[in-house]
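Summary of the model geometry
Below are the chains, spelled out letter by letter.
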Amino acid sequence: QLQAYGGGLVQAGGSLRLSCVASGSILSIVVMGWYRQSPGKQRELVADITSGGSARYVASVKGRFTISSDNAKNTTYLEMNGLKPEDTAVYYCNAGVKGTDYRMYSSWGQGTEVTVSS
């Protein structure tokens, strides 16, 4: 299970920090990431990070967003700075995990809404 926290309303130029905690029968987390979906648009990858710390970002957030993770806590964070109205969306956490049964699973958290006012 994934539980996401941290959405809200912020003015343009402001900052928010999203958190996502994975729980359950987890042997290891392979990758955790954040996706977002705004009305009328497809869900897109915002950023993800592997257990080894390799991160990638969609071009529109590079230099403004930072993804990090705490492997011991099965938690990933998305620090969002310089927010723009176009960042407004529902943000979803996703994790690729290896379960205690040694099978791979992809899990989604509930969305957390981010609204950036101009």
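For every chain, the first residue of the written sequence is number 1, and numbering continues from 1 onward in sequence order. Only residues with pLDDT of 70 or above have their local features reported here, since the model is predicted, and side-chain atom pairs are shown and tallied only from 80 upward, although totals for entire chains, interfaces and linings are computed over all residues. Hydrogens and water are ignored here; the side-chain numbers use all heavy atoms of the structure.

**Quick notes on the side chain of T76**
As a reminder, the rule being used: The way it works is that DSSP assigns letters per residue, a run of H or I at least four long becomes a helix, a run of E at least two long becomes a strand, and they are numbered from the N terminus. Under the scheme applied here, a residue whose accessible area is under 20% of the maximum for its type counts as buried, over 50% as exposed, and between as partly exposed, the area being computed with a 1.4 Å probe on protein chains only. Under the rule applied, a polar contact is a pair of N or O atoms within 3.5 Å (in protein, one hydrogen donor and one hydrogen acceptor; residues adjacent in sequence only if both atoms are side-chain atoms). Contacts: residue pairs with any heavy atoms within 4.5 Å of one another.
When you line up the elements, T76 lands in strand β8 (residues 75-80). For T76, a relative accessible area of 0% translates into the label buried. A polar atom in the side chain of T76 sits 2.9 Å from the backbone oxygen of S68. In contact with T76, other than residues within four places in its own chain, are L18, S19, C20, M32, W34, I49, I67, S68, S69 and C93.

**Some remarks on the pattern of salt bridges**
The line we're drawing: Every case where a carboxyl oxygen of Asp or Glu lies within 4 Å of a side-chain nitrogen of Lys or Arg is listed as a salt bridge.
Tallied over the entire structure, the rule returns 5 salt bridges. Among the ionic pairs, R36 bridges to D87, the shortest N-O distance being 3.0 Å. With R36 in strand β4 (residues 26-37) and D87 in the loop between β8 and β9 (89-99), this residue pair connects regions lying 51 residues apart in the sequence.

**Quick notes on empty space enclosed by the protein**
Basically, it comes down to this: Only protein atoms enter the 1 Å grid, on which a cavity is a set of points fitting a 1.4 Å probe that cannot get out and a pocket is an open set with protein on both sides within 12 Å along at least 5 of 7 lines, lining residues being those with an atom within 4 Å of a point. Grid points are joined across faces, edges and corners, and a volume is the space filled by probe spheres set on the points. Throughout, the ten residues Ala, Val, Leu, Ile, Met, Phe, Trp, Tyr, Cys and Pro are labelled nonpolar, Asp, Glu, Lys and Arg are labelled charged, and all others, Gly among them, are labelled polar.
This structure, assessed with the given rule, holds 1 cavity of 30 Å³ or more. Lining the largest cavity, in full, are I29, V30, V31, M32, I49, T50, S51, S69 and N71. Contributing elements (two or more residues each) for the lining of the largest cavity: β4 and β5 (44-50). Across the lining of the largest cavity, the residue classes break down as 5 nonpolar, 4 polar and no charged.

**Focus: the pairing of strand β7 (residues 65-70)**
Put simply, the rule reads: DSSP calls a pair of strands paired once it identifies at least 2 bridges connecting them.
Relative to β8, β7 runs antiparallel, the two being bridged by 6 bridges. By the bridge assignment, S68 is partnered in β8 with Y77. Linkage of β7 to β8, two consecutive antiparallel strands, is achieved through a turn of 4 residues, within which N74 is found at a positive phi near 50°.

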